[in-house]
Amino acid sequence: MNNEMLLVLMAITGYLLGAIPFGIVVSKAMGLPDPRTVGSKNVGFTNVLRVSGKKAGILTLIGDMGKGWVMGFAATQILQQEWMILAVALAPFLGHLFSPFLGFKGGKGVATALGSVVGVEPAVGLFLLLAWLGAVGMWRYSSGGALTAFGLFPLIASLARPTVEFVLFSVIVSGLIVLKHKGNIERLWNGTESKIGQKSA
């Protein structure tokens, strides 16, 4: 199989894997409310944590990060050209944002993006994860942590791996995460954003 066919196969696999809404899968498996119907109605880690507790939230986080990591890591092992590796790493993130299983809607992509970056460039991914955790620990806003980490991503990318492909990847991922957090940004500005540990109605 040539590289182009392998790229297409891996990108499709990554997109479909990324499209699996682990927040819904975990909640249904545990007999908990569908996250689309409660809280912020988002399928990601933060909403599941808030409405269904730590165990469900952590399992969702592992699933969402894992699907990004699997494809990012696999791409680095199988493909040689950087743009191909990053295209495959981007696929699960896009699948999570625009899931065909959810009418091409989805979560905000933070955990899946973190997983993809860790799979491709572990040091950068670890830095982003620590930045997210540090900001969340300081302010207790999951959205604030995500915006802090991915706001830094293009800068860190340009310092740690200053290739056109990786910097472009960082800009695309960060840009989409900021767009997905538009409502959160407004609530942060207005002081109405929910904090981690604060129950949602």
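Throughout what follows, the structure given in this document is the object of discussion. Here the structure is a predicted model, which is why all the values come from computation and not from measurement.

### Brief notes about the side chain of Arg161
Item 1. Mapped onto the elements, Arg161 comes out in the loop between helix H8 (142–160) and helix H9 (164–180).
Item 2. According to the relative accessible area criterion, Arg161 is buried, its value standing at 17%.
Item 3. In terms of polar contacts, Arg161 uses its side chain to reach the side chain of Glu121, at 2.7 Å.

### Here's the deal with unusual backbone geometry
Item 1. At Lys41, a residue that is not glycine, the phi angle is positive and equals roughly 65°.
Item 2. Of the residues examined, Lys41 reaches a relative accessible area of 51% and is grouped as exposed.
Item 3. Here the phi dihedral of Arg140 falls at roughly 65°; this positive angle occurs in a residue that is not glycine.

### Things to note about the packing of aromatic side chains
For any pair of aromatic rings, geometry is given as the distance between the ring centres together with the angle between the planes.
Item 1. Within the structure shown, the criterion is met by six aromatic pairs.
Item 2. Measuring from centroid to centroid gives 6.1 Å for Phe45 and Trp132, while their planes differ by 65°, and the two rings are edge-to-face. Of this pair, Phe45 sits in helix H3 (residues 45–52) while Trp132 sits in helix H7 (residues 122–139); the two residues are 87 residues apart in sequence, bridging distant segments of the chain. The residues Phe45 and Trp132 share a single accessibility class, namely buried.
Item 3. An angle of 85° between the planes, with centres 6.0 Å apart, marks the rings of Phe150 and Phe153 as edge-to-face. Taken together, the positions of Phe150 and Phe153, both in helix H8 and three residues apart, correspond to about one turn of that helix.
Item 4. Cluster of aromatic residues (ring-pair linked, three or more members): Phe150, Phe153, Phe166 and Phe169.
Item 5. A cation sits over an aromatic face here: Arg161 above Phe166, 5.0 Å from the ring centre.

### Some points on the environment of Ala11
Item 1. Along the polypeptide, Ala11 turns up in helix H1 (residues 3–18).
Item 2. Spatially, the C-alpha atoms of Ala11 and Leu90 are 8.3 Å apart, while their sequence positions differ by 79 residues.

### Remarks on the nonpolar core
Item 1. In terms of nonpolar packing, the biggest core is built from 40 residues, with Met10, Leu79, Phe150, Phe153, Phe166, Phe169 and Val173 touching the most fellow members.
Item 2. Listing elements by their share of this core, those giving two or more residues are H1, H3, helix H4 (54–78), helix H5 (82–97), helix H6 (110–120), H7, H8 and H9.
Item 3. For this core, the leading source of residues is H5, giving eight residues.
Item 4. Every residue in contact with Leu79, bar those within four places of it in the chain, is listed here: Leu6, Met10, Met84, Ile85 and Val88.

About the criteria used
Residues numbered from 1 in each chain as written. Predicted model: local features only at pLDDT ≥ 70, side-chain atom pairs only at ≥ 80, totals over all residues. Heavy atoms only, no water. Helix = DSSP H or I, 4+ residues; strand = E, 2+ residues; numbered from the N terminus. Buried < 20%, exposed > 50% of the residue type's maximum accessible area, 1.4 Å probe, protein only. Polar contact = N/O pair within 3.5 Å; in protein donor to acceptor, adjacent residues only side chain to side chain. Phe/Tyr/Trp six-rings, centres within 6.5 Å; stacked < 30°, edge-to-face > 60°. Lys NZ or Arg CZ within 6 Å of the ring centre and 35° of its normal. Core = buried A, V, L, I, M, F, W, Y, C linked by side-chain atoms within 4.5 Å. Contact = heavy atoms within 4.5 Å.

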